Amino acid sequence: MTAEPNISVLVPVYMVERHIGRCVRSLFEQTMTDGVEYIFVNDSTKDRSMDILLELLARYPSRQSQVRVINHRENLGLAAARITALDLARGEYVINLDSDDFFEHDMLECMYDAAKRNNADVVVADYYLYYKRREIYIFCHIDSDKDRLVGNLICDNGGCGRMVWNKLIKRDLYEKYSVRPLPGLNIGEDMIVTARLLFHAASICKVDRAFAHYNKSNLDTYTSSPRYQEILKRFIVCDFLSDFFGGQSREISEAINRHRFQIKALALTYSPRGTQHQVLSYHPQLTYDKYYQELAWYWRFPLRLGFNGYLRSFNVIRYILFKFRTIYRYCRDLR
C-alpha cells in the first residue's frame, strides 16, 4: 500500500496457536476491504502461532499487500509488542486486537464510518466476554463529563472500559501527546494509554453494538492469571496516572485511590503468606472501612479479616473460596 491507510490494526502474537486462526480470519474477512493495514508483531512466540498466521495469509491473497509481520528477537512482553506496532502504524486511526480475541466482520467498517460521521478522535463500542460455551454482552457508557469519564475508566465502574481493543483511536492523539504503554508493564498497561487518550480527546462517540470478543478461556496469554509480583506492578499504573493528572481533579484523584485499594486487596488475596504483612503496609491510608464497597460481596468478610490483621482466619477462608471458584468455573464451562 502506498497511500496512507484509514485504519491500522495492531496485533501482538505470543503463545496463541489454539486461537490465532479465528483471530486472523475475523480480520481478513472484514467487510472493509480497502484502506486497512494489519501489523502483526511476533513477540518471539515459542509455539506454531506464526506458522498458522502465514498459512492463513496464503489463503487470502487480496490481503497480503496489507499485512506486515515484525519479529522480536526475544520475548519483550505485550507492552513492547504494542509499542513496536504503534511506531510502525501509518493509519489515520488505530485499533488494537489481542491475538486470542476476535472481531465481528463489520467492526472496522462500522467504527470508521462512525468516526468520520462524528469527526471523532475516539470511537467506543460495546463488547463480549467470550467463554467456552457462552458469551456475556457488556454495555459501555460515555460520560459527557471528562473527569467522571476518566474516573469511571480507572475504577472500571460502568464506563467505557480500560482496554484499547474496543476503541478506534485517531493516531494523531498518540503522536501529539506522546502516548505509549510503559515497556515491561504487561498488566494494566491499557489503562495508562486509554486514560490519557480519552482525557486529551476533543470528540468521543459511541457505537451501540458489540464487535470485539474478549477471550476469557485462554490460560496462555500475557495476563491470563494474576501473579503476585505482576499484581504489585499495577501500583506503577496508579503512580503514573497520579503524576500525569497531578491532583488537578479531585474526582480522578479519588478514583486512583479507589483503584489502589482494589490492587492492594487483590495483592493480599493472591500473596504468599510470608509477604502478607508487607502488602498490608502499602498505602496504609487506604482503609477497609473507607473502600470496602470496591470489593466483590463474597470477598468483603475475608478481606475485612485480612486488612485488620487476622491473617490466619483470612487464609483459611481464602483457601475455601478458591476451591469454590475452581468448582464454579468447571461447572460453568460445562454448560
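Note that the structure is a prediction, hence the values are computed from the model and not measured.

Things to note about empty space enclosed by the protein
Tallied over the entire structure, the rule returns one cavity of 30 Å³ or more. Empty space within the largest cavity amounts to approximately 60 Å³. Among the elements of the structure, α3 (78-88) and α7 (189-200) are those that each provide at least two residues to the lining of the largest cavity. Its residues assigned to classes, the lining of the largest cavity comprises six nonpolar, one polar and two charged.

Considerations on the environment of S217
Tracing the chain through its elements places S217 in the loop between β9 (204-215) and α8 (228-245). Exposure remark for S217: the relative accessible area of 17% places this residue in the buried category. Those residues within four positions of S217 in sequence are excluded, and the remaining contacts are Y130 and K132.

Examining the pattern of salt bridges
Counted by the stated rule, this structure contains 20 salt bridges. When the shortest N-O distance is used, the salt bridge between E4 and R171 registers 3.8 Å. Here E4 is found in the segment before β1 (7-13), whereas its partner R171 is found in helix α6 (residues 171-176), with 167 residues between them in sequence. Here the salt bridges share partners, and the residues they tie into one network are R82, D98, E189 and D190.

Cut-offs applied
- Residues numbered from 1 in each chain as written.
- Predicted model: local features only at pLDDT ≥ 70, side-chain atom pairs only at ≥ 80, totals over all residues.
- Heavy atoms only, no water.
- 1 Å grid on protein atoms, 1.4 Å probe; cavity = no way out; pocket = protein on both sides within 12 Å on 5 of 7 lines; lining within 4 Å.
- Points joined across faces, edges and corners; volume = space filled by probe spheres on them.
- Helix = DSSP H or I, 4+ residues; strand = E, 2+ residues; numbered from the N terminus.
- Nonpolar A, V, L, I, M, F, W, Y, C, P; charged D, E, K, R; others polar.
- Buried < 20%, exposed > 50% of the residue type's maximum accessible area, 1.4 Å probe, protein only.
- Contact = heavy atoms within 4.5 Å.
- Salt bridge = Lys/Arg side-chain N within 4 Å of Asp/Glu carboxyl O.

Functional significance is not addressed by these values, which are geometric in nature.
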